[in-house]
Amino acid sequence: MRCAVKAVCAASLAIAAVLTPTAPASAVHQAAAPSYRVDVVNHSGFGLDEVDLAVARFSDPVIRLQTQRHVVSGATASFDLGPCSDVRQFAASAFIGSREVLHTADINPSPSCHTQIEITHT
């Protein structure tokens, strides 16, 4: 009797799994809030020791710093700032040794949820 009950339960679960609608992967992806991305592209001809991004968010009163080190010439430092709608402002800096070779003013987020900053000379 016990085996028969297990078989019926297993069959019910298998049928339920087949009949339960699942959201397509694209629908699940669209439901998630898009992330804001900032790319700092190094076209300077020199390696950058550090690229910093200071981020102000609506949900957090503290300005947070993100850092990427050793960005070679021709490379891109990419930063994920979190949900696009939460980004209030950001600013970027880049350093070779202790010398600051890039310092942006405060940048307001773009509606496209992406900003590209290019360093062409130091």
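Cut-offs applied
Residues numbered from 1 in each chain as written. Predicted model: local features only at pLDDT ≥ 70, side-chain atom pairs only at ≥ 80, totals over all residues. Heavy atoms only, no water. Pairing = 2+ DSSP bridges. Helix = DSSP H or I, 4+ residues; strand = E, 2+ residues; numbered from the N terminus. Axes fitted to C-alpha atoms, helices over the stretch in contact; angles between N-to-C directions. Salt bridge = Lys/Arg side-chain N within 4 Å of Asp/Glu carboxyl O. Buried < 20%, exposed > 50% of the residue type's maximum accessible area, 1.4 Å probe, protein only. Lys, Arg positive; Asp, Glu negative; His and termini not counted. Contact = heavy atoms within 4.5 Å. Disulfide = S-S within 2.5 Å.

Undergrad: An account of the sheet that holds strand β2 (residues 48-57) is requested, with residue identities and associated values reported.
TA: Strand order in the open sheet made by the four strands is β3-β2-β5-β6, with antiparallel pairing throughout. If you trace the sheet from one side to the other, it starts and ends with β3 (60-71) and β6 (99-103), each paired once. Neighbour-to-neighbour, the strand axes of the sheet open up by a mean angle of 20 degrees, direction not taken into account. Note that strand β5 (residues 87-96) and β6 share four bridges and pair antiparallel. Among the inter-strand pairings, A94 is bridged to a residue of β6, identified as L102.

Undergrad: For the pattern of salt bridges, give the residues involved together with the corresponding values.
TA: Pairing between side chains becomes possible if they bear opposite charge and their charged atoms approach one another. Within this structure, the stated rule accounts for three salt bridges. In this structure, the salt-bridge partner of R69 is E50, at a minimum N-O distance of 3.5 Å. Placement of the pair is R69 in strand β3 and E50 in strand β2, with a sequence separation of 19 residues. The closest approach of N and O atoms between D60 and R64, which form a salt bridge, is 2.8 Å. The buried category is assigned to D60, whose relative accessible area is 18%. Overall, R64 belongs to the partly exposed group, its relative accessible area being 40%.

Undergrad: Give me the lowdown on the side chain of R57, citing residues and values where you can.
TA: Tracing the backbone through its elements, the reader meets R57 in strand β2. Of the side chains with opposite charge, D86 comes closest to the buried, unpaired R57, at an N-O distance of 4.5 Å. Apart from residues no more than four positions distant in its own chain, R57 is found in contact with R64, Q66, L81, D86 and R88.

Undergrad: Account for the state of the cysteines, naming residues and giving values.
TA: Tallied over the full model, the rule gives one disulfide. Across the disulfide from C84 sits C113; the S-S distance is 2.0 Å. Classification of the bridge connecting C84 and C113 rests on its S-S torsion, roughly -100 degrees, and on that basis the disulfide is left-handed. Pair noted here: C84 is in the loop between β4 (76-83) and β5 and C113 is in the loop between β6 and β7 (114-119), with a separation of 29 residues, a long-range link. The class for C84 is buried, based on a relative accessible area of 14%. For C113, a relative accessible area of 13% puts it in the buried group.

It is worth stressing that arrangement in space is one thing and function is another; only the former is reported here.
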